[in-house]
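# Fold and geometry: a report
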Amino acid sequence: MAEAADQRRAIEGLNASSDGRFHLLQGIEANIGADGALDLSEDEASTFDLVLAAPHSKLRKSEDQTPRLLRAIETPHVRILAHPRGRIAGSRAGVVADWDAVFAAAVRRSVAIEIDGDPARQDLDHTLAARARDAGCLFALDSDAHTTGQLSYADTALAHARLAAIPADRIVNCWPLDRLVSWIRQK
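For the structure given in this document, a descriptive report is provided here. (Residues numbered from 1 in each chain as written. Predicted model: local features only at pLDDT ≥ 70, side-chain atom pairs only at ≥ 80, totals over all residues. Heavy atoms only, no water.)

## Side note on unusual backbone geometry
Following D123, the chain continues to L124 via a peptide bond in cis, the omega torsion being 5 degrees. Note that L124 resides in the loop between β4 (112-116) and α5 (126-135). Although it is not a glycine, H77 sits at a positive phi angle of roughly 85 degrees. Topologically, H77 is positioned in the loop between α3 (66-74) and β3 (78-81). (Helix = DSSP H or I, 4+ residues; strand = E, 2+ residues; numbered from the N terminus.)

## Describing the packing of aromatic side chains
Inspection of the entire model under this criterion finds two aromatic pairs. On the basis of an interplanar angle of 90 degrees and a centroid distance of 5.7 Å, the ring pair of W175 and W183 is categorised as edge-to-face. Classification of W175 by relative accessible area gives buried; the value is 10%. The class for W183 is buried, based on a relative accessible area of 4%. Here R8 stacks its cationic end above the ring of F48, 5.7 Å away from the centre of that ring. It is R79 that lies over the ring of W183; its NZ or CZ is 4.5 Å from the centre. (Phe/Tyr/Trp six-rings, centres within 6.5 Å; stacked < 30°, edge-to-face > 60°. Buried < 20%, exposed > 50% of the residue type's maximum accessible area, 1.4 Å probe, protein only. Lys NZ or Arg CZ within 6 Å of the ring centre and 35° of its normal.)

Written as C-alpha cells, this is what we have:
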C-alpha cells in the first residue's frame, strides 16, 4: 500500500499538470481467493479509483466456482470482473461456473466483465461474451499487457467484442471520462 500511495501522488501530479489533456486513474487488480474474498481490505480498496477482481488460483478445479465469483462481484468497490475464467489456451480451461448466474449478478451490481486480449487468455472469448451481452452486461476491453510490446493485445480483445456484436455504449473504455468516473463511483 505504501507503493500505491507513492503511485497515487505521482498520478495526482501528472493530472494536475496535464491541463485537461488527459486524466489518469489509479486501479488495482485484486485476487479472488478460493472463498471469493479479495486479497484487499475494503479500506484499501477505497483508496483506488478502480478495482478489478480476478481469479489467479484454483483455476484447474473441475467443481463449480460460481459462489466464488458471485461473492467477488458483490464486494464493495469492485467495478470489473477481470479474466473471469482464468483460462490459458493449451494449459488450463479455467474456472467452471454457472456463467448465466455470474452475468446476471454483474448486471445487478453494474460490474463490467473484462474481455482480456492476451492471445493465450482470450477470456472471455466471443461466444461467452455474446452470452454476457445478451444478459445485459457492461464490458471492459483489456490487453493484459505486462510489457509495452503486449499493448497490441488490445486488438484481440476488440476482435472478440466485435465478433460478439457488443455495442460501443456497453464498453466502459469507450465512454467519456465523466460517464466513466460516474459509473466507477456508483455504489
